[in-house]
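# Reading the structure
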Amino acid sequence: MELMLAGKRIGIIGLRTIGTALAQGLLESGLATPEQLSGSTAHLESARAKGELLGIQVLTDNRALVKGADVVILAVKPKTVPKVLSEIGELLTSQQLLISVAAATPTRLIEARLAQPVPVVRAMPNTPCRIGQGMTALCAGAYAGEEHLELARAIFSPVGRVALVEDEELMDAVTALSGSGPAYAYIIIESLAEGGVKMGLPRKLATELAAQALLGGAALVLASGEHPALLKDDVTTPAGVTIDGLIALEEGGLRVALIKAVMAATERGKALSDGHLR
Ligand SMILES: NC(=O)c1ccc[n+]([C@@H]2O[C@H](COP(=O)([O-])OP(=O)(O)OC[C@H]3O[C@@H](n4cnc5c(N)ncnc54)[C@H](OP(=O)(O)O)[C@@H]3O)[C@@H](O)[C@H]2O)c1
C-alpha cells in the first residue's frame, strides 16, 4: 500500500465528513505525508479551519488543486458535482485518477463532463470511516483499470474495509445498504436502548449494551464467515429468553422493514442517478 501511494499527490475536493475522514486516515496511517495531501472547500473559513485541523494545504481554488495532483478525490454533494466538473473537467488528463464518492452519480455522467478519457473510480464509503471502521465499495469507470482500482483501494484501506463491485448498476444497492446502513444501525441501537430503559436500565448503560451487542454480533459475522442465521441459533436456547424476543421482532415485521429500507433507498438512488446530472 505504502509503495502504491509513494510520491503520489492527492487532492481532495470537499472536506466535510468523508473528505476529512479520508485525509485523516491517510495521514494517521502514515500512507501519505502532509506534503502529498491537499484539499479544497467552498468557503475561505472552512479552508482555514480544515488546513489547521489536518496540517495540509487547503485551497478554495479547485483548478489549482487539480493541476498539482496525481489523484483527485471528489467529495462534494452530488448536486455540486456538475459545478465542480465544469471548473476542472478541461484540466484533468488521462495521467490522473479521479475518484468520486458522490452518491447516485454514475461514472459515465462524470466522464461525459471531462475533456479527455480520464480514469474514474466510483467509491461508496460510509461515516464509520471517521474512526477507521468504514466500508467502501469501489467500481471502475470506462477508462479505469486494475491499477486504478488498486490505487483507490490503497487510499480507502486506512479508513476501513474495501470491496470491489464489478457491475456499476449495483452501486445504488451498495449505497442503500452500506452507505445508508449506519443510519439503520443507529435506529436499531436507539430502539434496543429504549427497550432497556423501559425495563429499568439507565439510558447510558442501555445504549452501551445495545451498541456493543450490534458491534460484537457484526464482528462475529465477519470473523467467522458463518451465516447470520446459524449465529442467531447459537444465541437462541430452546425455551430460553431470546426466542420470545425474536417472536416479538417477527410480529413487528423487523425483517421486512429492513428489506424494504434497502429497496426504497436503492430506488431513490436510481431515480437520482437518472435525473440529477441531466
Ligand atoms: N455522509 C455520508 O454518509 C456519505 C457516505 C458516502 C458517500 N457520501 C458522499 O460524499 C460526498 C460528501 O459528503 P459529506 O457528507 O462528506 O459532505 P458534504 O456535506 O456534502 O460536504 C461538502 C463539502 O464540499 C465542499 N464544497 C462545496 N462546494 C464546493 C466547491 N464548489 N468546491 C470545493 N469544495 C466544495 C464544502 O465546503 P464548505 O465546508 O466550505 O462548505 C464541504 O467541505 C457526497 O457526494 C455524498 O453523497 C457521503
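Above this text you will find the structure in question.
This report concerns the structure included in the present document. Within any chain, residue numbers begin from 1 and follow the written order of that chain's sequence. Thresholds applied to this predicted model are a pLDDT of at least 70 for local features of residues and 80 or more for the giving and counting of side-chain atom pairs; totals over whole chains, interfaces and linings are not thresholded and use all residues.

When helices and strands are tallied, the protein chain shows 13 helices and eight strands. With the C-alpha coordinates of the protein chain rotated into their principal frame, the extents come out at 65 × 40 × 35 Å. Labels follow a simple rule on C-beta atoms placed from the backbone: if 20 or more others lie within 10 Å of a residue's own, it is buried; if 12 or fewer, it is exposed; otherwise it is partly exposed. Expressed as a percentage of the 278 residues in the protein chain, the buried residues total 37%. The helix and strand labels rest on DSSP assignments: H or I over at least four residues marks a helix, E over at least two residues marks a strand, and numbering proceeds from the N terminus.

To decide whether a residue is near a molecule or strand, its C-beta atom is placed from the backbone and checked for lying within 6 Å of it. The full set close to the ligand counts 28 residues, and Gly-14, Arg-16, Thr-41, Ser-46 and Ala-103 are the nearest of them. With three residues, the single largest contributor to the shell around the ligand is helix H2 (residues 17-28). Three classes are used, and their members are as follows: Ala, Val, Leu, Ile, Met, Phe, Trp, Tyr, Cys and Pro are nonpolar, Asp, Glu, Lys and Arg are charged, and the others, Gly among them, are polar. The class makeup of the residues in the shell around the ligand is 13 nonpolar, twelve polar and three charged.

Quick look at the pairing of strand S7 (residues 134-140) now. Burial analysis of S7 places seven of its seven residues in the buried class, the great majority of the element. Burial along S7 is two-sided: the residues Gly-134, Thr-136, Leu-138 and Ala-140 and Met-135, Ala-137 and Cys-139 are all buried. Only strands joined by at least two bridges in the DSSP assignment are considered to pair. Pairing of strand S6 (residues 120-124) with S7, which is carried by four bridges, proceeds in the antiparallel orientation. Within S7, the residue paired with Val-121 across the bridge is Ala-140. Consider the strands pointing away from the viewer: the crossover is right-handed when the path from the first strand over the helix to the second runs clockwise. With helix H7 (residues 146-156) bridging S7 and the parallel strand S8 (residues 160-164), this β-α-β connection has right-handed handedness.

Glancing now at the packing of helix H8 (residues 171-179) against helix H13 (residues 254-275). With their axes 8 Å apart at the nearest point, H8 and H13 run at an angle of 135° to one another. The orientation of H8 with respect to H13, classified from their angle, is oblique. The handedness of the crossing between H8 and H13 comes out as right-handed. Residue-level inspection shows Asp-172, Ala-173, Thr-175, Ala-176 and Leu-177 of H8 in contact with H13, the latter providing Val-262, Ala-265, Thr-266, Gly-269, Lys-270 and Ser-273. The residue makeup of the contact of H8 with H13, split by class, is five nonpolar, four polar and two charged. Every axis corresponds to a line fitted to the C-alpha atoms, with the helix fit spanning only the stretch in contact, and the corresponding angles, defined between N-to-C directions, vary from 0 to 180 degrees. Orientation labels follow simple angle bins: below 35 degrees gives roughly parallel, above 145 gives roughly antiparallel, 65 to 115 gives roughly perpendicular, and whatever is left gives oblique. The hand of a helix crossing depends on one turn: near helix anticlockwise from the far one by less than a right angle means left-handed, and clockwise means right-handed. What counts as a contact here is a pair of residues whose C-beta atoms, placed from the backbone, lie within 7 Å.

With that settled, the discussion passes to H2. A rise of 1.5 Å per residue sets the reference length of H2, with its twelve residues, at 16 Å; its end C-alpha atoms lie 16 Å apart and thus fit the reference within 8%. Contacts from the buried residues of H2 go to strand S1 (10-13), strand S2 (37-40), helix H3 (44-54), strand S4 (71-74) and H7. Helix span, expected: 1.5 Å multiplied by one less than the number of residues in the helix.

What follows covers the pairing of S8. Here S7 runs beside S8; their pairing, made up of five bridges, is parallel. By the bridge assignment for S8, Leu-138 is matched with Leu-164.

In space, the eight strands of this open sheet follow the order S3-S2-S1-S4-S5-S6-S7-S8, with mixed pairing throughout. Of all the strands in the sheet, just strand S3 (57-59) and S8 have a single pairing partner and so form its edges. Neighbour-to-neighbour, the strand axes of this sheet turn through a mean angle of 25°, independent of strand direction. By the bridge criterion, three bridges tie strand S5 (residues 97-100) to S6 in an arrangement that is parallel. If you follow Ile-99 over to S6, its bridge partner there is Val-121. On the sheet, H2 packs against S1, S2 and S4 and is oriented at approximately 170° with respect to S2. The strands touched by H7 within the sheet are S1, S4, S5, S6, S7 and S8, with S7 carrying the most contacts at an inclination of about 165°.

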